[in-house]
Amino acid sequence: MNIDIIMQNMLNPPVLFFFLGMMAVFMKSDLTIPQPLPKLFSLYLLIAIGLHGGYELSQSGLDFYIFKALALAVFMSILVPMYSFFILRTKIDIYNAIAIAATFGSISAVTFITGITYLQTVGVEYGGFMVASMALMESPAIVIGLVFAAIFAKDPKNKEKTDWLEILREAFLNPSVFLLVGALIIGISTGEKGWHSMEPLFGTLFKGFLAFFLLDMGLVAARKIHELKKVGFFLIAFALIMPMINASVAIGFAYFFEIAKGDAFLLALLSASASYIAVPAAMRLSVPQANPGIYLPLSLAVTFPFNISLGIPLYYFIITMIWG
């Protein structure tokens, strides 16, 4: 792989702020971002990407190509947690296998946003509707995880019925999905006039807020690294290898279904990413037997740094080799 592709991503200011946050922890600096600012940064990024995606979708409309790409995104969000679970079950218990599979079957919005920034840097176009695919890919893994818990981990002595309505509510109305879909709908409804009125805040300042958010993520990821001692070599290898496998599967399907280069890259990146907000929160409530000290550090301290530093240029390089 051309070193220029890696350097182009690594020298992206928001990515550098992520590693600055990690360095602050390793060097025992007192650097902190006071609460509740990190939550504000999360809300800002979700609104910004939803509004812009809605605006782009209002300009392009909904056609067969967009429907095909969205259907492929949903398919990947169902497929990944299913085969991940059966791989994990060869080495670990049912509860942790369910939680980790769901975590890796869902997506990281910030990884997606970093990927968009990368495409803008290299001058590759992508469809605004891919924001909708991100929203659609977040919840299915939660549902798959809860279905697997009901099937494989149900205590035969427990006669209590599974509350499927509550499971679906928890999966599809979690705050990040709700806000992202809401912002997307607002962007579609208000169109060009609405986007231009909001662009000074949600367009011009976007990279600045992303830098703040990734600085905080670097601090959080570095603090979680010591917990990796609990998980063992197999799970660390899983957290590094599975993103590449998931991205490769997505790239294969995207090529077969003739998805455009920029959209294929974002689909691969979404498939390779792992949730560290929505799914861990859902698993903590729904599969309390799973250990958050295992699945959260894997996604946050291994897969997330790998994707935003090496994964993004790697997936882009593969797609460029195939698509030209």
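Residues numbered from 1 in each chain as written. Predicted model: local features only at pLDDT ≥ 70, side-chain atom pairs only at ≥ 80, totals over all residues. Heavy atoms only, no water.

1. Describing the overall build of the protein chain
The secondary structure content of the protein chain amounts to 15 helices and zero strands. Here the C-alpha radius of gyration of the protein chain, 19 Å, is about what a compact globule of 324 residues would show, namely 20 Å. Taken along its principal axes, the extent of the C-alpha atoms in the protein chain is 60 × 50 × 40 Å. Here the protein chain, with 324 residues, has 54% of them falling under the buried criterion. For the protein chain, the computed accessible surface area is about 14500 Å², with 70% contributed by carbon and sulfur atoms. On the protein chain, the mean spot of the 18 positive side-chain charges and the mean spot of the 18 negative ones are 11 Å from each other. (Helix = DSSP H or I, 4+ residues; strand = E, 2+ residues; numbered from the N terminus. Rg over C-alpha atoms; globule rule 2.2 N^0.38 Å. Buried < 20%, exposed > 50% of the residue type's maximum accessible area, 1.4 Å probe, protein only. Areas by Shrake-Rupley, 256 points an atom, 1.4 Å probe, with all protein chains shown as cover. Lys, Arg positive; Asp, Glu negative; His and termini not counted. Charge placed at Lys NZ, Arg CZ, Asp CG, Glu CD.)

2. Quick notes on a nonpolar patch on the surface
Nonpolar side chains collect at one region of the surface, where Leu-240, Ile-241, Met-244 and Ile-245 lie side by side and expose about 290 Å² of accessible area between them. Among the structural elements, Ile-245 can be located in helix H12 (residues 232-256). (Patch = residues over 30% accessible without salt bridge, like charges linked within 9 Å, V, L, I, M, F, W, Y side chains within 5 Å. Salt bridge = Lys/Arg side-chain N within 4 Å of Asp/Glu carboxyl O.)

3. Some thoughts on helix H15 (residues 292-323)
Think of an α-helix as 3.6 residues a turn; residues three or four steps apart then line up on the same face. The terminal C-alpha atoms of H15 lie 39 Å apart, and with 32 residues this falls more than 12% below the ideal 46 Å at 1.5 Å per residue. Taking the largest bend as the criterion, H15 deviates by roughly 50°, centred on Asn-307. Buried residues dominate H15, accounting for 23 of its 32 residues. Gly-324, located one to two residues past H15, shows a positive phi value of around 90°. (Expected span 1.5 Å × (residues − 1). Bend = angle between axes of the 7 residues up to and from the residue.)

4. Considering H12
Here H12 contains 25 residues, and its C-alpha end-to-end distance of 37 Å stays within 8% of the 36 Å for a straight helix at 1.5 Å per residue. Where H12 bends most, the angle comes to about 30°, and this point is Ile-241, followed within four residues by the proline Pro-243. Every buried residue of H12 is accounted for by Leu-235, Ala-237, Phe-238, Ala-239, Met-242, Pro-243, Asn-246, Ala-247, Ala-250, Ile-251 and Ala-254. Packed against the buried residues of H12 are helix H4 (64-88), helix H5 (94-105), helix H13 (261-272) and H15. (Contact = heavy atoms within 4.5 Å.)

5. As for the packing of aromatic side chains
Overall, the coordinates contain 21 aromatic pairs when judged by the stated rule. Plain terms: the ring middles of Tyr-44 and Phe-202 are 5.2 Å apart, the flat faces sit at 20° to each other, and that makes the pair stacked. Of this pair, Tyr-44 sits in helix H3 (residues 37-60) while Phe-202 sits in helix H10 (residues 175-202), and the two are 158 residues apart along the sequence. There is no split in this pair, since Tyr-44 and Phe-202 are both buried. By the ring-pair criterion, three or more aromatic residues cluster together here, those being Phe-41, Tyr-44, Phe-202, Phe-209 and Phe-212. (Phe/Tyr/Trp six-rings, centres within 6.5 Å; stacked < 30°, edge-to-face > 60°.)

6. Some details on the nonpolar core
Ile-100, Phe-112, Met-134, Phe-265, Met-283 and Leu-298 are the most contacted members of the largest nonpolar core, which has 107 residues in total. Once residues lying within four places of it in the same chain are set aside, the contact partners of Met-134 are Ile-49, Ile-107, Ala-109, Phe-112, Leu-180 and Leu-270. (Core = buried A, V, L, I, M, F, W, Y, C linked by side-chain atoms within 4.5 Å.)

7. Quick word on the environment of Leu-300
Here Leu-300 shows up in helix H15. Given the relative accessible area of 4%, Leu-300 is considered buried. In this structure, the C-alpha to C-alpha distance between Leu-300 and Tyr-276, residues 24 residues apart in sequence, is 6.0 Å.

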